[in-house]
Amino acid sequence: MPSPEAEQLAAMFRAAPAPLESPSVEQLRANMESMAVLGGPEPGTVSEPVDAAGVPAEWITGPGASRDRAILYLHGGGYVIGSIATHRGVVSRLSAASGAAGLALDYRLAPEHPFPAAVEDAVAAYRWLLGQGIAPGRIAIAGDSAGGGLTVAALVALRDAGDPLPACAVTFSPWADLALEGASMDERDAIDPMVHRPGIQQMADWYLAGQDPRHPLASPIHADLAGLPPLLIQVGTAETLYDDAVRLAIRAIEGGTAVTFEPWRDLFHVFQLFGMLPEAQEAVRAAGAFIARYTAG
């Protein structure tokens, strides 16, 4: 059973005015930015803007964390919206929970910069981290929603390029199928307060710009996931994207990757963003412990 706080927040999302039939990219981005107030950073967090190989980024170091270990964090938003500002809170809390500093990335967004721009930026930022003298075994990559799919895509791109891989990866509600072929996309539409086919289809179209939605670096459920580091997948069972998480876990396990799969009963898309929720606090603590365990060496 969700907490009263989670039920109240889900009700608020359901009661929100219906979106415009064809909202502009600018309107979508402004709406996302306005939600940043729902999950601010931990008190005592230190933030420092930085250029990560040409990609705007920000070190977000939660209380008790240090830069001898790092989390490359890839924000969600359908590859179209979202920013460091919208995700500063969850990165701060994940940093505090793991003891590793977060490097939040403002990768290029569609439609101005379609696939594979986001993958290229994530790969460049990871290589920049290596260039800062942080060993790959002390780095994790993490992301939510589109950033969760991008996390796995970046791992695949790095593996295929022969780069040393990070110690582990974390995904919150990963969007891993841009063809939207999971059964839950329609079966759970009535219970998901946030993500629905028309809106996410538009984002996929903007990001892909006519390219194959089943390309392995766009939809990593179609990638060979052999040889990847341990992967944590958290997802709410009330999500239209639930089957993306399930199929990603199965695909990774089939490739021999160690997977920890955590379904959160009756929770909505990327609930971890909302730091006032008890479930968000518990989930981020678990993700932090996972990162700490694998990056300690």
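Here the structure is a predicted model, which means the values were calculated and not measured.

Peer 1: Quick one: what's the story with the packing of aromatic side chains, residue by residue and with numbers?
Peer 2: Applying the stated rule across the entire model yields 10 aromatic pairs. Considering the side-chain rings of phenylalanine 13 and phenylalanine 268, the 5.8 Å spacing of their centres and the 85° angle between planes classify their relative orientation as edge-to-face. On the criterion of sequence distance, the pair formed by phenylalanine 13 in helix α1 (residues 4-15) and phenylalanine 268 in the loop between β8 (259-264) and α9 (278-295) is long-range, its members being 255 residues apart. Looking at phenylalanine 13, the relative accessible area reads 15%, which means it is buried. Aromatic pair tyrosine 79 and tyrosine 207: ring centres 3.8 Å apart, planes at 5°, arrangement stacked.

Peer 1: Could you give an account of the UniProt feature "active site" (unreviewed entry) in the chain, naming the residues involved and the relevant values?
Peer 2: Within the UniProt annotation, "active site" (unreviewed entry) is assigned to Ser145. Ignoring any residue separated from it by four or fewer positions in sequence, one finds serine 145 in contact with Gly76, Phe172, Ser173, Pro174, Trp175, His269 and Val270.

Peer 1: So, the packing of helix α4 (residues 117-131) against helix α5 (residues 146-161): which residues are in play, and what are the values?
Peer 2: With their axes 9 Å apart at the nearest point, α4 and α5 run at an angle of 65° to one another. Between α4 and α5, the angle is such that the two are roughly perpendicular. Here α4 runs over α5; the crossing is right-handed. Where α4 abuts α5, its residues Ala118, Val119, Ala122, Val123, Tyr126 and Arg127 lie against Leu150, Ala153, Ala154, Ala157, Leu158 and Ala161. Tallied by class, the residues present in the contact of α4 with α5 amount to 11 nonpolar, no polar and 1 charged.

Peer 1: Could you give me a rundown of the nonpolar core, with the residues and numbers involved?
Peer 2: It is characteristic of soluble globular proteins that their nonpolar side chains tend to be buried jointly. Of all hydrophobic cores here, the largest spans 68 residues; its most connected members are Leu72, Tyr79, Leu105, Val119, Leu129 and Trp175. What leucine 105 contacts, discounting residues up to four positions off in sequence, is Ala52, Val55, Pro56, Ala57, Leu72, Tyr73, Leu74, His75, Ile84, Asp121, Ala122 and Ala125. In terms of nonpolar packing, the next biggest core, distinct from the first, is built from 33 residues, Leu9, Ile60, Ala100 and Leu267 among them.

Peer 1: Just give me the short version of the UniProt feature "domain: Alpha/beta hydrolase fold-3" (unreviewed entry) in the chain, but keep the residues and values in it.
Peer 2: The UniProt record marks residues 71-272 with the feature "domain: Alpha/beta hydrolase fold-3" (unreviewed entry), using the residue numbering of this structure. Between the end C-alpha atoms of residues 71-272 there is a gap of 16 Å, over a span that is 37% helix and 16% strand.

Peer 1: Residue-level account of α9, with values.
Peer 2: Residues that lie three or four places apart on an α-helix share one face, since the helix turns once every 3.6 residues. The end-to-end C-alpha distance of α9, which contains 18 residues, comes to 26 Å, matching closely the 26 Å that a straight helix rising 1.5 Å per residue would cover. Among all positions in α9, only Glu279, Ala280, Ala283, Val284, Ala287, Gly288, Phe290, Ile291 and Thr295 are buried. Projected onto a plane normal to the axis of α9, the buried residues spread over an arc of 165° and lie on a single side. Opposite the buried face of α9, at more than 90 degrees from it, the exposed residues are Arg285 and Arg293.

Peer 1: Lay out the pairing of strand β6 (residues 168-172) in plain terms, naming residues and giving numbers.
Peer 2: Counted residue by residue, β6 has 5 buried out of 5 residues, so it is predominantly covered. Here β6 shows no split at all, with Cys168, Val170 and Phe172 on one side and Ala169 and Thr171 on the other all buried. Relative to β6, strand β5 (residues 139-144) is paired through 5 bridges, and the arrangement is parallel. Note that in β6 the partner of isoleucine 141 across the bridge is alanine 169. A crossover links β5 with its parallel partner β6, the connecting element being α5, and its sense is right-handed. Note: β6 against strand β7 (residues 231-236), 4 bridges, orientation parallel. Bridged to phenylalanine 172 within β7 is glutamine 234.

Thresholds applied
Residues numbered from 1 in each chain as written. Predicted model: local features only at pLDDT ≥ 70, side-chain atom pairs only at ≥ 80, totals over all residues. Heavy atoms only, no water. Phe/Tyr/Trp six-rings, centres within 6.5 Å; stacked < 30°, edge-to-face > 60°. Helix = DSSP H or I, 4+ residues; strand = E, 2+ residues; numbered from the N terminus. Buried < 20%, exposed > 50% of the residue type's maximum accessible area, 1.4 Å probe, protein only. UniProt positions renumbered as here; feature names shortened; annotations may be inferred. Contact = heavy atoms within 4.5 Å. Axes fitted to C-alpha atoms, helices over the stretch in contact; angles between N-to-C directions. Parallel < 35°, antiparallel > 145°, perpendicular 65-115°, else oblique. Left-handed = near helix turned anticlockwise from the far one by under 90°. Nonpolar A, V, L, I, M, F, W, Y, C, P; charged D, E, K, R; others polar. Core = buried A, V, L, I, M, F, W, Y, C linked by side-chain atoms within 4.5 Å. Expected span 1.5 Å × (residues − 1). Arc of directions from axis to C-beta. Pairing = 2+ DSSP bridges. Right-handed = clockwise from strand over helix to strand, strands pointing away.

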